[in-house]
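Observations on chain architecture
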Amino acid sequence: MKKIIVTGGAGFIGSHTVVELTSAGYEPVIVDDLRNSEARMIDGLTAILGVRPRFHRIDCADEAAMRSVLNTEGDVHGVIHFAAYKAVGESVAEPAMYYRNNIGSLAVLLALMNERAIPHLVFSSSCTVYGQPTSLPVNEAAPDRNASSPYGYTKVVCEQLVRDQCAATPELKAVLLRYFNPIGAHPSARIGELPRGVPGNLVPFVTQTAAGLRGKLRVNGNDYATSDGTCVRDYIHVMDLARAHVVALGWMEQRTGSTCEVFNLGTGRGNTVMEVVNTFAEVNAVDVPYEIGPRRAGDVEAVYADTTKSREVLGWTCDHDLRDALRDAWNWQRSLGN
Ligand code: UD1
């Protein structure tokens, strides 16, 4: 079986990708120090897979520890690098921590991949690299704009680092995946998103509000130039996103010659904050108390994906819609029993 190192494999997107890799016949090996996750995610994966996944509890930015993992694992077919900090507000307060961790971990991995001639890399990027696009839907050729946070800039820099490494190492094949807004959970509700403290992202805040853990959702501004005045995003089910990583690996395997391609991963549809809130309440038959607040600093008005390239080149499209994702997000919240 082809071994794939999954850094951040106990995290939200990483754990779902571990499930999809296993279904596709790969052998995922999780590398995660659980600093932003919990052991329950490994237990959840064990319940879904029927077997405990291979798991190394180390920091993937620790070169010596990573080298020892690679020595233990032997022949490695590829690396999917999820492990990173991702909270926009925190990145504004702690920029050095973000640059050091997000760029440092990638630099360590690329050096080790080079050393051992590991041929495939999938890197987690974000639509944050587009800033506010001048035309929508946004395609991969749109220029990088003001990413509006240190977190966003770490993605811009990491993308460039992967491109530079591919240029230097023609045997290395890489795919940069620009995620739009991942939401939802595995339909079994055994794995899902585990935000630390007060959720910064919309859907975890909505599920916690519906569960009574938060009093009210604050909608960040309703004076944008959108259909109902609230921001537009492209919300994609995490299972669709996870499957795209497996598709990307298969695509790289078929390529001859050097490869470094970037793909949008979104549904191609934009929804406003109020559409998400109302759809959530309707699909799950629960109340979501909310109030309208001021705009949030750094928010773009609207962004959603042009999915032409991922559809035509990778042959990948989404199977789930917003309703599926909001139902699964709620089932996961309820499974937490709080
Ligand atoms: C942000 C980042 C994105 C990152 C993602 C994961 C930017 C521009 N975007 O996405 O790159 O991958 O976080 O952490 O850097 N909202 C509310 N009330 C809330 C929470 C959110 O109204 O309590 C609104 C926001 O203002 C926004 C929408 O919901 O309009 C989505 O917000 P969020 O889930 O935080 O995602 P992004 O900001 O799009």
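In the block above lies the structure referred to throughout.
Description of the structure in this document. (Residues numbered from 1 in each chain as written. Predicted model: local features only at pLDDT ≥ 70, side-chain atom pairs only at ≥ 80, totals over all residues. Heavy atoms only, no water.)

Some words on the site of the ligand
Near the ligand you find 20 residues, and of these Leu202, Arg218, Arg233, Arg296 and Asp299 are the closest. Within the side chain of Asn181, an N or O atom sits 2.9 Å from an oxygen atom of the ligand. Between the ligand and Asn220 there is a distance of 2.9 Å, counted from an oxygen atom to a backbone nitrogen or oxygen. Out of a free accessible area of 750 Å², the ligand has 90% covered by protein chains. Residue assignment for the shell around the ligand shows that the elements contributing at least two residues are α7 (202-210) and β8 (217-220). (Near = heavy atom within 4 Å. Polar contact = N/O pair within 3.5 Å; in protein donor to acceptor, adjacent residues only side chain to side chain. Areas by Shrake-Rupley, 256 points an atom, 1.4 Å probe, with all protein chains shown as cover. Helix = DSSP H or I, 4+ residues; strand = E, 2+ residues; numbered from the N terminus.)

Considerations on the pattern of salt bridges
By the definition in use, this model includes 23 salt bridges. For Glu193, the salt bridge identified is with Lys86, shortest N-O distance 4.0 Å. Of this pair, Glu193 sits in the loop between β7 (181-183) and α7 while Lys86 sits in the loop between β4 (78-81) and α4 (88-93), and the two are 107 residues apart along the sequence. Classification of Lys86 as partly exposed rests on a relative accessible area of 44%. The residue Lys309 makes a salt bridge to Glu261 at a minimum N-O spacing of 2.5 Å. Here Glu261 lies in strand β11 (residues 259-265) and Lys309 lies in helix α10 (residues 308-314), a separation of 48 residues in the sequence. Each member of the salt-bridge network shares a partner with another, and the members are Lys3, Arg54 and Glu73. (Salt bridge = Lys/Arg side-chain N within 4 Å of Asp/Glu carboxyl O. Buried < 20%, exposed > 50% of the residue type's maximum accessible area, 1.4 Å probe, protein only.)

Points about a nonpolar patch on the surface
Residues Tyr99, Tyr153 and Val157 make up a contiguous nonpolar surface patch of roughly 230 Å² in combined accessible area. Within the secondary structure, Tyr99 is located in helix α5 (residues 95-116). The partly exposed category is assigned to Tyr99, whose relative accessible area is 32%. (Patch = residues over 30% accessible without salt bridge, like charges linked within 9 Å, V, L, I, M, F, W, Y side chains within 5 Å.)

With respect to the environment of Val31
Here Val31 shows up in strand β2 (residues 27-31). Judged by its relative accessible area of 1%, Val31 falls in the buried class. With 48 residues separating them along the chain, Val31 and Val79 place their C-alpha atoms 10 Å apart. Sequence-distant contacts of Val31, that is, excluding residues within four places in its chain, are made with Ile5, Val6, Thr7, Gly8, Gly9, His56, Ile58, Cys60, Met66 and Val69. (Contact = heavy atoms within 4.5 Å.)

A short note on the nonpolar core
Core analysis: the biggest nonpolar cluster contains 38 residues, and Leu21 and Leu249 have the highest contact counts within it. Put simply, the parts of the chain that give this core at least two residues each are β1 (3-7), α1 (12-23), α2 (39-49), β6 (173-179), α8 (238-254) and β11. Per-element tally for this core: the top contributor is α8, with 8 residues. Apart from the residues lying within four places of it in its own chain, the contact partners of Leu21 are Ile4, Val6, Tyr26, Pro28, Ile80, Val246 and Leu249. In terms of nonpolar packing, the next biggest core, distinct from the first, is built from 29 residues, Val31, Val79, Ala83 and Met113 among them. (Core = buried A, V, L, I, M, F, W, Y, C linked by side-chain atoms within 4.5 Å.)

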